[in-house]
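# Understanding the architecture of this molecule
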Amino acid sequence: MQMAWKEVKKSKMKFLILGSIIFLVSFLTFIISGLANGLSEDNAALIKNVPNGKFYLNEDAKQTYSLSKIDVDQQDNLLADYNGATAMSIQMGFVNDAEDKQHSVAFVTSTDSELFPNVKDNEVVLDASLKDEGIKVGDILTNNQFSGEFKVVGFAEKQTYSHAPVAFISMKNYQEIYRVMEMQTVFIPGSDSPDSIKGLESFTNKEFLNTIPSYGAEQMSLNMIIWFLVVISGMLFAIFFYMMNVQKIGLYGILKAIGVKTSSLFSMMWYQMLLITVVSLVLSVGLSQLFSMVAPAGMPFSLPIETTLLLSVVFLVIGFIGATISGFQIKKVEPLQAIQQGEM
Amino acid sequence: MAIFTIDDVEKTFKNGDVSEKILKGVDLDLNEGEITALVGPSGSGKSTILTIAAGLQKATGGQVLFEGKDMTQMSQEEIRKIRSSEFGFVFQSSHLVPFLTVEDQLLLMLDVAETKLNKKQQKQEVLKVLDLVGMSHRKDAYPSSLSGGEKQRVAIARAIIHQPKMLFADEPTASLDSKRSKEVMEIIRNLTKTLQITTLMVTHDEEMLPYADRIVTMKDGLID
Ligand SMILES: Nc1ncnc2c1ncn2[C@@H]1O[C@H](COP(=O)(O)OP(=O)(O)O)[C@@H](O)[C@H]1O
Ligand SMILES: [Mg+2]
């Protein structure tokens, strides 16, 4: 639409203001979304890295993995029956390094599996973030509940749980530290994992994430901010286009009088909305990706381009709805009113 | 032969319980290519009959025949089509689009009227018409930089560029001084005569009457 573009060119300031508001709101949304995602990775990368499937907890465990104990015989049967099934346990704890400095970790152990590093007794594989704390392959770590010593044999990328780096240890060592024989959960990968197994409760990966105490609360509040921002930006669109349309009632009347279709007036508004939103979004997507590259290492920030694109589509839809609602005035304008109102 | 016939047109405005009959059966024939001036005291219903004839509001009784077809029986969309391709409008205010240049105002009108000209022909047509109203040197100007007389010339150019059959003008010179008014009337007369456009014009300015072919007086909602 030529007319739409010509108006943008003539009234640069007006559209620049709207554009910068959309830019700021969407940029803020992307940054918060990056933080939400980063925190979620930081909190539960261990679980997020696992392919889709189901986790099973003991029915008596009240959806709390730390209370769950899988019967040893049942576990053996499940591992035998389902290809790729793994039993695993997670507990928060500490390791001490040679200088007796304490590092908080999440101890994880599992049956032989492709999903997690398999470690021998008295060995440990750590999340790579502990390298930054000065731990190297070959270092010796201790734990006050454990009679032996752990030798660091390697590092795993992005394995965190409950905001702590994961330490993979052998089942025997785990059983000694926590004085339990049973594993907490069995994971069966793939979509054919059964919905119900006698005595056990099943959880999809997402449901299992929400059993991590901090995870649900954290994500909920951040997601709430994100959706608030999205709704606010929709309202901004509606209000802005409303004000712009009110200013142009007279013009719309004249255009209608000379025979311009109401639908053309709507297209004009949609074109302007699309133009401003796309330009603002391109800028904020670009800038947020740039931010994601230069974000300080300690900052949990992760913003996949897919997330920004998805949010951008939401912004476009919301902007469209906002502009359209405000555009109902255009429909009501009577050409005659405008003519009798005199000079614009 | 009349190209446009207003036949026993009535208009009643309702304001709550109060209703007031403004037009009490107006009859008027407009002959092809003629300029008809509608005069009469303020409030006698001149603008009302003009806007009804132009399809900008509905009569509450009677018929409005354009080329033999009754516009009071047409749908909104049919009337819009007629307004965009067969009618032209000039009002007391020029009502130009503030963010379009003079040239773009006229190009827009050609688009709206769905003329079958290509882009190049459209531009040529615009220049030709701007020449006729003496405004081709301001084709890149925005309305805000034009004087009242210049705006009105552009408004006239916009009203006739798509070669409509009818021109409706409601006090087109009311905002101009005597000299500019005469210039504008000169232009209206020349253009409508060259293009054979039938014109209905409301005016209260005696000085404009010599430019009309016929003068009709309205009084109290009736043609005198
Ligand atoms: N929309 C309307 N609602 C109510 N009354 C109206 C409306 N439009 C015009 N009128 C009345 O109709 C009468 C004629 O108005 P108009 O046709 O504008 O007169 P003129 O153009 O001859 O001065 C006036 O008394 C005016 O108040
Ligand atoms: Mg009037």
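Computed from a predicted structure; not experimentally measured.

Residues and elements named next belong to chain B. Across the sheet, which stays open at both edges, the 6 strands sit in the order β6-β7-β8-β3-β9-β10 with mixed pairing between neighbours. With one partner strand each, in any of the chains shown, β6 (87–90) and β10 (222–223) form the two edges of the open sheet. The sheet contacts of helix α2 (residues 76–86) involve β6 and β7 (166–170), and relative to β6 the element is tilted by about 75°.

Attention shifts here to the interface of chain B and chain A. The partner chain A presents 22 residues to the 27 residues of chain B that form the contact. Of all residues in chain B, B:L56, B:H95 and B:F99 give up the largest surface area on contact with chain A, accounting jointly for 31% of the area buried on that side. Applying the counting criterion to the chain B and chain A interface returns 2 salt bridges. For the pair chain B and chain A, the interface holds 4 residue pairs in polar contact (both at pLDDT 80 or more). Of all the secondary structure elements, the ones that give two or more residues to the side of chain B that touches chain A are α2, α3 (102–112) and α5 (148–160) of chain B. Counted by class, the side of chain B that touches chain A contains 12 nonpolar, 7 polar and 8 charged residues.

The terminal C-alpha atoms of α5(B), which comprises 13 residues, lie 19 Å apart, in line with the 18 Å expected from a rise of 1.5 Å per residue. The element α5(B) is largely enclosed, with a buried count of 11 among its 13 residues. B:G149, B:E150, B:Q152, B:R153, B:V154, B:A155, B:I156, B:A157, B:R158, B:A159 and B:I160 are the residues of α5(B) that are buried. On its buried side, α5(B) packs onto α7 (249–257) of chain A together with β6, α3, α4 (119–132), β7 and α6 (178–195) of chain B.

What follows deals with the domain arrangement of chain A. All names here are of chain A. In terms of domain boundaries, chain A breaks down into domain 1 (2–42 + 216–341) and domain 2 (47–213). Measuring from the centre of the C-alpha atoms in domain 1 to the corresponding centre in domain 2 gives 45 Å. The largest share of the area that domain 1 buries against domain 2 comes from E41, D42 and G216, three residues that together contribute 70% of it. The interface formed by domain 1 and domain 2 includes 5 residue pairs in polar contact (both at pLDDT 80 or more). If you list the elements that add at least two residues to the side of domain 1 that touches domain 2, you get α2 (12–48) and α6 (213–247). For the side of domain 1 that touches domain 2, the element with the highest residue contribution is α2, accounting for 5 residues. Of the residues contributing to the side of domain 1 that touches domain 2, the split by class is 2 nonpolar, 3 polar and 3 charged.

Once that is clear, we can look at the sheet that holds strand β5 (residues 69–70) of chain B. Residue and element names in this part refer to chain B. Strand order across the open sheet formed by 4 strands is β2-β1-β4-β5, with antiparallel pairing between neighbours. Edge positions in the sheet fall to β2 (18–31) and β5, since each of these pairs with one other strand and no more. Where strand β1 (residues 2–15) meets strand β4 (residues 61–66), 5 bridges bridge the pair, whose relative direction is antiparallel. Residue pairing in the sheet places D7 in a bridge with Q63 of β4. Those strands touched by helix α1 (residues 46–53) are β1, β2 and β4, and its axis lies near 120° from that of β1.

Ranked by internal contacts, the top residues of the largest apolar core, which has 104 residues, are A:L255, B:F4, B:F87 and B:F168. The dominant element in this core, judged by the number of residues it contributes, is α3(B), at 7 residues. Setting aside chain neighbours within four positions, we find B:F4 in contact with B:L28, B:D29, B:L30, B:A53, B:V64, B:L65, B:F66, B:M71, B:F87, B:M166 and B:F168.

A few words now on the pattern of salt bridges. Scanning the entire structure with this criterion turns up 22 salt bridges over all chains. For A:K261, the salt bridge is made with B:E114, and the minimal N-O distance between the two is 3.9 Å. Taken together, the residues A:K261 in the loop between α7 and α8 (262–294) and B:E114 in the loop between α3 and α4 connect one chain to another. A salt bridge links B:R80 to B:E77, with the shortest nitrogen-to-oxygen separation between them at 2.9 Å. Here the residue B:R80 and the residue B:E77 both occupy positions in helix α2, the gap between them amounting to 3 residues, near one helical turn.

Overall, the coordinates contain 21 aromatic pairs over all chains when judged by the stated rule. Considering the side-chain rings of A:F146 and A:F150, the 4.5 Å spacing of their centres and the 15° angle between planes classify their relative orientation as stacked. Residue class for A:F146 comes out buried when judged on its relative accessible area of 7%. When its relative accessible area of 0% is taken as the criterion, A:F150 is described as buried. An aromatic cluster is built from B:F4, B:F66, B:F87, B:F89, B:F91 and B:F168, whose rings are joined through pairwise contacts. Across the ring face of B:Y142, the terminal group of A:K10 is positioned such that the distance to the ring centre comes to 4.1 Å.

Quick look at a nonpolar patch on the surface now. All names here are of chain A. Together, V231, M235, I239, Y242, M243 and V246 give the surface a local cluster of nonpolar side chains, amounting to about 570 Å² of exposed area. Among the structural elements, M235 can be located in helix α6. Accessibility expressed as a relative area gives 48% for M235, which makes it partly exposed.

Its location among the elements puts B:R83 in helix α2. Buried within the structure, B:R83 lacks any salt-bridge partner; A:E334 is the closest side chain of opposite charge, at an N-O distance of 8.1 Å. A polar contact is formed between the side chain of B:R83 and the backbone oxygen of B:G55, at a distance of 2.8 Å. Each residue touching B:R83, except ones within four places of it in the same chain, is listed here: A:K256, A:A257, A:I258, A:P335, B:A54, B:G55, B:L56 and B:F89.

All names here are of chain B. Inspection of the region around ligand 1 gives F13, I22, P41, S42, G43, S44, G45, K46, S47 and T48 as its neighbouring residues. Within the contact set of ligand 1, an oxygen atom lies 3.3 Å away from a backbone nitrogen or oxygen of S44. Here an oxygen atom of ligand 1 sits 2.5 Å away from a polar atom, N or O, in the side chain of T48. Starting from 560 Å² of accessible surface for ligand 1 in isolation, the protein chains cover 61%. In terms of residue count, α1 provides more of the shell around ligand 1 than any other element does, 3 residues in total. Of the residues belonging to the shell around ligand 1, the class tally is 3 nonpolar, 6 polar and 1 charged.

The rules we used
- Residues numbered from 1 in each chain as written.
- Chains lettered and ligands numbered in written order.
- Predicted model: local features only at pLDDT ≥ 70, side-chain atom pairs only at ≥ 80, totals over all residues.
- Heavy atoms only, no water.
- Pairing = 2+ DSSP bridges.
- Helix = DSSP H or I, 4+ residues; strand = E, 2+ residues; numbered from the N terminus.
- Contact = heavy atoms within 4.5 Å.
- Axes fitted to C-alpha atoms, helices over the stretch in contact; angles between N-to-C directions.
- Buried area = accessible area lost by both parts, 1.4 Å probe.
- Salt bridge = Lys/Arg side-chain N within 4 Å of Asp/Glu carboxyl O.
- Polar contact = N/O pair within 3.5 Å; in protein donor to acceptor, adjacent residues only side chain to side chain.
- Nonpolar A, V, L, I, M, F, W, Y, C, P; charged D, E, K, R; others polar.
- Expected span 1.5 Å × (residues − 1).
- Buried < 20%, exposed > 50% of the residue type's maximum accessible area, 1.4 Å probe, protein only.
- Domains from an automatic or database assignment.
- Core = buried A, V, L, I, M, F, W, Y, C linked by side-chain atoms within 4.5 Å.
- Phe/Tyr/Trp six-rings, centres within 6.5 Å; stacked < 30°, edge-to-face > 60°.
- Lys NZ or Arg CZ within 6 Å of the ring centre and 35° of its normal.
- Patch = residues over 30% accessible without salt bridge, like charges linked within 9 Å, V, L, I, M, F, W, Y side chains within 5 Å.
- Areas by Shrake-Rupley, 256 points an atom, 1.4 Å probe, with all protein chains shown as cover.
- Lys, Arg positive; Asp, Glu negative; His and termini not counted.
- Near = heavy atom within 4 Å.

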